[in-house]
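# Residue-level structural notes
Here are the chains, one letter per residue:
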Amino acid sequence: MASLPTQNELRQAVLARRDWAVERLGGWVRHGSVLGQELSAQEYVADIYEEIGFASRFETIDPDAISGLPGYSPVDWSYKNRPNVVGLHDPASPKGRSLIMNGHVDVVSPEPSSLWTSDPFEPRIVENEENGETWMYGRGAADMKGGSVCCFWALAALRDMGFVPASKVILQSPIEEECTGNGALALCANGYTADACLIPEPFAESILRRQVGVIWFEVRIVGKTTHVLGTGAGVNAIEKSWTVIQALRALEAETNGPERIPEPYKGIDHPINLNVGVISGGDWASTVAGECVTRFRFGLFPGESLADLRARVEKCVRDAAAGDPWLRNFPPTVEYVGFQAEGCEFDADGDFGKALRSAHSSWRGSEPGQESMTCTTDARFFNLYYGIPATCYGPASRNIHGVDEKVSIDSMQRVAEVMSSFVGDWCGLERLK
Ligand SMILES: [Zn+2]
């Protein structure tokens, strides 16, 4: 095995690739890969894989093939023309430990985009801003195309120095991290496995230690439509939905009660969040609304059961309906579409955790933080169902899922430095032939 490059050599090689990395990230952000519109962003990243010497492959997702697997989330949409993409580096006689670098391609909607300072899908770079660093604004710049570019950046820098990983490395660009995780699940099910999985989610150069679970559900309420001239004879489904929202808020408060919060989450204010994400009701300003569907997101702690949470939600909705004269006779229905994601933990003291922490400390002079996150990531599939230790380690970000999302380019550079050392240590390096 070739001797490893020195830290100073790595620093120079990473620095020399900075403009390239910024340019590729900006180009990728322009492909606004919201749900159902991922294809051109996937084609774009496949080209980057090839550019850095990886063989790209498009992988279609067959929901029938994965719907029986642990971790699957039900959907009511199609997977047509919505492939995952992988990039493969597969040496004939691999020596080190194999590695997956996984970064979801999907981004959440930027709406209301009129509130952004500039077009969310047109990258905007501001130098010497917060912390004296350079930031790129754009939907997906931080969550999480910026993190993925850190991986490409590190691999490109190693390649520039004449090195490639001595073991198998799989780059993964799954769809649907933001709504189901079915993209990552399909890749695991298709046999894309390795000794470790690194997911560069934008968590400020900290390591993900654990994450909550997430469920999505929708509550459908029927009312009684009537012309507004006789409003008293109608029942407004939109207004009735408020009864259910209030009841679920009480369930949320109970769930965050001090006695229910496990030790690692005790220091976090309100770790389990209910979100009223979408409400669709009525269809005419002069008609009493006859139907209302509200879509919610709710959380659960690692180790808790999805079935138990679903039962608590359904009981809560049932009890709320029982106290209302109309809803008692026309009970709301609860359906599950999207995330049915368990929480999970990462062993930061295992070989992978130690190697990543040591790569960080060698550059930064101290241990990285270890975070208990109140959101989910694709790390759960690897950790829970495929025996692959998986964690997140990525750049600093602001306003992910919000207006004026941005990523620190300087933080990305630091992450690329750490990754270049980590890949050298975990995978080993050999001379590019
Ligand atoms: Zn993300």
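Residues numbered from 1 in each chain as written. Predicted model: local features only at pLDDT ≥ 70, side-chain atom pairs only at ≥ 80, totals over all residues. Heavy atoms only, no water.

### Focus on the sheet that holds strand β19 (residues 406-408)
- Spatially, the four strands line up as an open sheet ordered β4-β5-β19-β18, and their pairing is antiparallel. Strand pairing shows two members of the sheet lacking a second neighbour, β4 (124-126) and β18 (397-398), which therefore form its edges.
- Bridge analysis of strand β5 (residues 135-137) against β19 gives three bridges, and the strand direction is antiparallel. Bridged to Met136 within β19 is Val407.
- Against the sheet, helix α2 (residues 18-29) touches β4, β5 and β19, its axis set at about 15° to β5.
- Strands β5 and β19 of the sheet are contacted by helix α12 (residues 409-427), whose axis makes an angle of about 50° with β19. (Pairing = 2+ DSSP bridges. Helix = DSSP H or I, 4+ residues; strand = E, 2+ residues; numbered from the N terminus. Contact = heavy atoms within 4.5 Å. Axes fitted to C-alpha atoms, helices over the stretch in contact; angles between N-to-C directions.)

### Regarding the coordination of the zinc ion
- On the protein side, the zinc ion has His104 (NE2), Asp143 (OD), Glu201 (OE) and Glu201 (OE) as donor atoms, found 1.9 to 2.8 Å from it.
- Coordination at the zinc ion is irregular: its four donor atoms span angles of 51 to 147° at the metal.
- Donor residues for the zinc ion, ordered by position in the chain, follow H-x38-D-x57-E. Taken together, the residues His104 in the loop between β3 (99-102) and β4 and Asp143 in helix α5 (residues 141-160) connect sequence positions 39 residues apart. (Donors = N, O, S within 2.8 Å, 3.2 Å for Na, K, Ca; no water. Tetrahedral: all angles 85-135°; square planar, octahedral: opposite > 155°, others 65-115°.)

### Regarding helix α1 (residues 7-16)
- Looking only at α1, the buried set comprises Leu10, Ala13 and Val14. The buried side chains of α1 occupy one side of the element, clustering within an arc of 100° when seen end-on.
- Residues of α1 that are buried make contact with α2, α5, α10 (351-364) and α12. (Buried < 20%, exposed > 50% of the residue type's maximum accessible area, 1.4 Å probe, protein only. Arc of directions from axis to C-beta.)

### So, the side chain of Ser411
- In this fold, Ser411 is placed in helix α12.
- Not counting chain neighbours up to four residues away, the residues in contact with Ser411 comprise Glu133, Glu205, Pro395 and Ala396.

### Let's talk about the pattern of salt bridges
- Going through the model one piece at a time under the given rule, you end up with 25 salt bridges.
- Arg30 is paired through a salt bridge with Glu122; the nearest N and O atoms lie 3.0 Å apart. A residue pair is termed long-range when its members are at least 10 positions apart, and Arg30 in the loop between α2 and α3 (39-51) and Glu122 in the loop between β3 and β4 qualify at 92 residues.
- Judged by relative accessible area, Glu122 falls into the partly exposed class, the value being 36%.
- Here Glu304 ties to Arg260 by a salt bridge, and the two come within 2.9 Å at their closest N and O atoms. On the criterion of sequence distance, the pair formed by Glu304 in the loop between β12 (291-300) and α8 (306-322) and Arg260 in the loop between α7 (237-255) and β11 (275-281) is long-range, its members being 44 residues apart.
- With relative accessibility at 24%, the residue Glu304 sits in the partly exposed group.
- When its relative accessible area of 26% is taken as the criterion, Arg260 is described as partly exposed. (Salt bridge = Lys/Arg side-chain N within 4 Å of Asp/Glu carboxyl O.)

### Some remarks on the packing of aromatic side chains
- Counted by the stated rule, this structure contains 11 aromatic pairs.
- Both rings, one in Phe217 and one in Phe296, keep their centres 5.1 Å apart while their planes meet at 15°; by these two values the pair is stacked. One end of the pair, Phe217, is in strand β10 (residues 213-222); the other, Phe296, is in strand β12, with 79 residues separating them in the sequence. A single burial state applies to Phe217 and to Phe296, both of which are buried.
- Arranged with centres 4.2 Å apart and planes meeting at 20°, the rings of Trp326 and Phe330 form a pair that is stacked.
- Trp326 sits in the buried class, given a relative accessible area of 17%.
- Among the aromatic residues, ring-to-ring pairing joins Phe346, Phe352, Phe422 and Trp426 into one connected group.
- Above the ring of Trp20, the side-chain terminus of Arg17 is found at 4.7 Å from the ring centroid.
- A cation over a ring is seen here: Arg431 above Phe163, with NZ or CZ 4.3 Å from the ring centre. (Phe/Tyr/Trp six-rings, centres within 6.5 Å; stacked < 30°, edge-to-face > 60°. Lys NZ or Arg CZ within 6 Å of the ring centre and 35° of its normal.)

### Quick word on the packing of α1 against α12
- As a packed pair, α1 and α12 sit with axes 10 Å apart at the nearest point and diverge in direction by 135°. By the criterion of interaxial angle, the relationship of α1 to α12 is oblique. Every pair of crossing elements has a handedness; the one defined by α1 and α12 is right-handed. Note on element contacts: α12 touches α1 through Gln413, Ala416, Glu417, Ser420 and Ser421, opposite Leu10, Arg11, Val14 and Leu15. (Parallel < 35°, antiparallel > 145°, perpendicular 65-115°, else oblique. Left-handed = near helix turned anticlockwise from the far one by under 90°.)

### Digging into helix α6 (residues 182-189)
- For α6, a buried count of seven out of eight residues is recorded, marking the element as mostly surrounded by other parts of the structure.
- Lining the buried residues of α6 we find β1 (55-59), α4 (63-66), β2 (84-89), β3, β7 (169-173) and α11 (379-385).
- The positive-phi residue at the C-terminal boundary of α6 is Gly191, with phi of around 95°.

### Re the packing of α5 against α12
- At a closest axis distance of 8 Å, the pairing of α5 and α12 adopts a crossing angle of 50°. As far as their axial angle goes, α12 and α5 are oblique. For the element pair α5 and α12, the recorded crossing hand is right-handed. Judged by residue contacts, Gly146, Val149, Cys150, Cys151, Trp153, Ala154, Leu155 and Leu158 of α5 engage Ile409, Met412, Gln413, Val415, Ala416, Met419, Ser420 and Val423 from α12.
- Its residues placed into classes, the contact of α5 with α12 shows 13 nonpolar, three polar and no charged. (Nonpolar A, V, L, I, M, F, W, Y, C, P; charged D, E, K, R; others polar.)

### Concerning the state of the cysteines
- Under the definition given, this model contains zero disulfides.
- The thiol sulfur of Cys179 is not disulfide-bonded, and the nearest other cysteine sulfur, from Cys375, lies at 15 Å.
- What makes Cys179 buried here is its relative accessible area of 6%.
- Cys344 takes part in no disulfide bond, and the closest cysteine sulfur, belonging to Cys392, lies 8.6 Å away. (Disulfide = S-S within 2.5 Å.)

### Brief notes about the domain arrangement of the protein chain
- Domains assigned within the protein chain are domain 1 (7-211 + 344-431) and domain 2 (213-341).
- Using only C-alpha atoms to locate each centre, domain 1 and domain 2 end up separated by 34 Å.
- Regarding the contact of domain 1 and domain 2, the summed buried area is about 1,400 Å², with carbon and sulfur atoms giving 61% of it.
- Summed over the shared surface of domain 1 and domain 2, the number is zero salt bridges.
- For the pair domain 1 and domain 2, the number of links is five residue pairs in polar contact (both at pLDDT 80 or more). (Domains from an automatic or database assignment. Buried area = accessible area lost by both parts, 1.4 Å probe. Polar contact = N/O pair within 3.5 Å; in protein donor to acceptor, adjacent residues only side chain to side chain.)

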